[in-house]
Amino acid sequence: TVVLYQPETAEVFEKSCKEKNNELVFVKKPALKAFEDIYEIFDYKDITDIKAGVGGIHQIENAALAIEALMRLGVETEIIKKGIAAARNPGRFEKIDEHTVLDGAHNPGGALALKTSLDRYFGDCEKIYLMGAMADKDVMAVLKCIGDKSSEFYFVRVKDNARAQTAENLAKIATDNGFTS
């Protein structure tokens with residue numbers, strides 16, 4: 001059995017599953033109910049009031065994928081709920097104190113997920129970003145996803161990594177494109 005959330009890849013998986021005589025199961029969209037701090041509470045199929053242990057609204061898709069696979073394996077509902085609540089992913093939308101969230105968003109998709117979650121849990125609060133990046137990353141695309149021209153950015157060089165951009169270069173990219181640093 002193959003469990004899949006992303007319908008945009010369905011055609012490839014359908015063909016492969018058919019060739020190998022595997023069942024293809026598509027994950028249903030979880031039903032959002034509420035959130036506590038940065039953790040979503042949602043229902044999936046007949047399992048209610050599941051609390052995600054990993055922060056960020058985008059994480060319920062990952063949780064639903066895990067839940068569907070666990071259900072197919074016959075894992076009991078209470079064990080599934082405890083497992084989802086106990087899940088951790090350090091450095092991915094991790095709240096390290098009351099006012100600080102750590103995230104490793106390094107591409108437009110990750111940056112958009114970061115922005116969506118920040119807006120959901122922190123609303124119109126002023127956001128200040130501390131950012132480092134590798135030289136092969138599209139810094140402007142990330143900046144455009146997470147901030148607007150009024151967002152405040154501080155740039156750093158990733159320590160001990162030859163691929164890292166300098167803080168000065170990151171700041172120049174930002175200011176050349178209307179972002180403050």
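Everything quoted here is computed from the prediction, not taken from an experiment.

Undergrad: How would you sum up the overall build of the chain? Please name residues and give values.
TA: The number of helices and strands found in the chain is six helices and nine strands. By principal-axis analysis of the C-alpha atoms, the chain measures approximately 55 × 40 × 30 Å. Considering the chain as a whole, with its 181 residues, one finds that 34% of them fall into the buried category. Accessible surface, the chain as shown: approximately 11,000 Å² in total, 53% of it carbon and sulfur. Side chains of the chain carry 24 positive and 29 negative charges; the gap between the two charge centres is 3 Å.

Undergrad: So, the packing of aromatic side chains: which residues are in play, and what are the values?
TA: One pass over the full model with this rule turns up five aromatic pairs. Aromatic pair F93 and Y121: ring centres 5.8 Å apart, planes at 50 degrees, arrangement tilted. Here the residue F93 occupies a position in the loop between α3 (77-86) and β6 (94-97), and Y121 occupies one in helix α4 (residues 108-122), the gap between them amounting to 28 residues. One aromatic cluster in this structure is built from Y129, F153, F155 and F179.

Undergrad: Describe a nonpolar patch on the surface, naming the residues involved and giving the relevant values.
TA: Where nonpolar side chains cluster on the molecular surface, the patch consists of I128, L130, Y154 and V156 and spans about 400 Å² of accessible area. Within the secondary structure layout, I128 lies in strand β8 (residues 128-131).

Undergrad: I'd like a rundown of the nonpolar core, residues and numbers included.
TA: The biggest cluster of nonpolar side chains holds 22 residues, and the ones touching the most others in it are L143, I146, F153 and F155. At the level of elements, α4, β8, α5 (139-146), β9 (152-155) and α6 (167-176) are the ones that each hand at least two residues to this core. No other element matches α5, which puts five residues into this core.

Undergrad: Account for the sheet that holds strand β3 (residues 31-36), with residues named and values stated.
TA: In space, the three strands of this open sheet follow the order β3-β4-β5, with antiparallel pairing throughout. Among the strands making up the open sheet, the edge pair consists of β3 and β5 (47-51). Across this sheet, the average inter-strand angle for adjacent strands is 20 degrees, counted without regard to direction. The pairing of β3 with strand β4 (residues 39-44) spans five bridges and is classified as antiparallel. Looking across to β4, one finds that E36 is bridged to Y39. Contacting β3 and β4, α4 crosses the sheet at an angle of about 65 degrees to β3.

Rules and cut-offs
Residues numbered from 1 in each chain as written. Predicted model: local features only at pLDDT ≥ 70, side-chain atom pairs only at ≥ 80, totals over all residues. Heavy atoms only, no water. Helix = DSSP H or I, 4+ residues; strand = E, 2+ residues; numbered from the N terminus. Buried < 20%, exposed > 50% of the residue type's maximum accessible area, 1.4 Å probe, protein only. Areas by Shrake-Rupley, 256 points an atom, 1.4 Å probe, with all protein chains shown as cover. Lys, Arg positive; Asp, Glu negative; His and termini not counted. Charge placed at Lys NZ, Arg CZ, Asp CG, Glu CD. Phe/Tyr/Trp six-rings, centres within 6.5 Å; stacked < 30°, edge-to-face > 60°. Patch = residues over 30% accessible without salt bridge, like charges linked within 9 Å, V, L, I, M, F, W, Y side chains within 5 Å. Salt bridge = Lys/Arg side-chain N within 4 Å of Asp/Glu carboxyl O. Core = buried A, V, L, I, M, F, W, Y, C linked by side-chain atoms within 4.5 Å. Pairing = 2+ DSSP bridges. Axes fitted to C-alpha atoms, helices over the stretch in contact; angles between N-to-C directions. Contact = heavy atoms within 4.5 Å.

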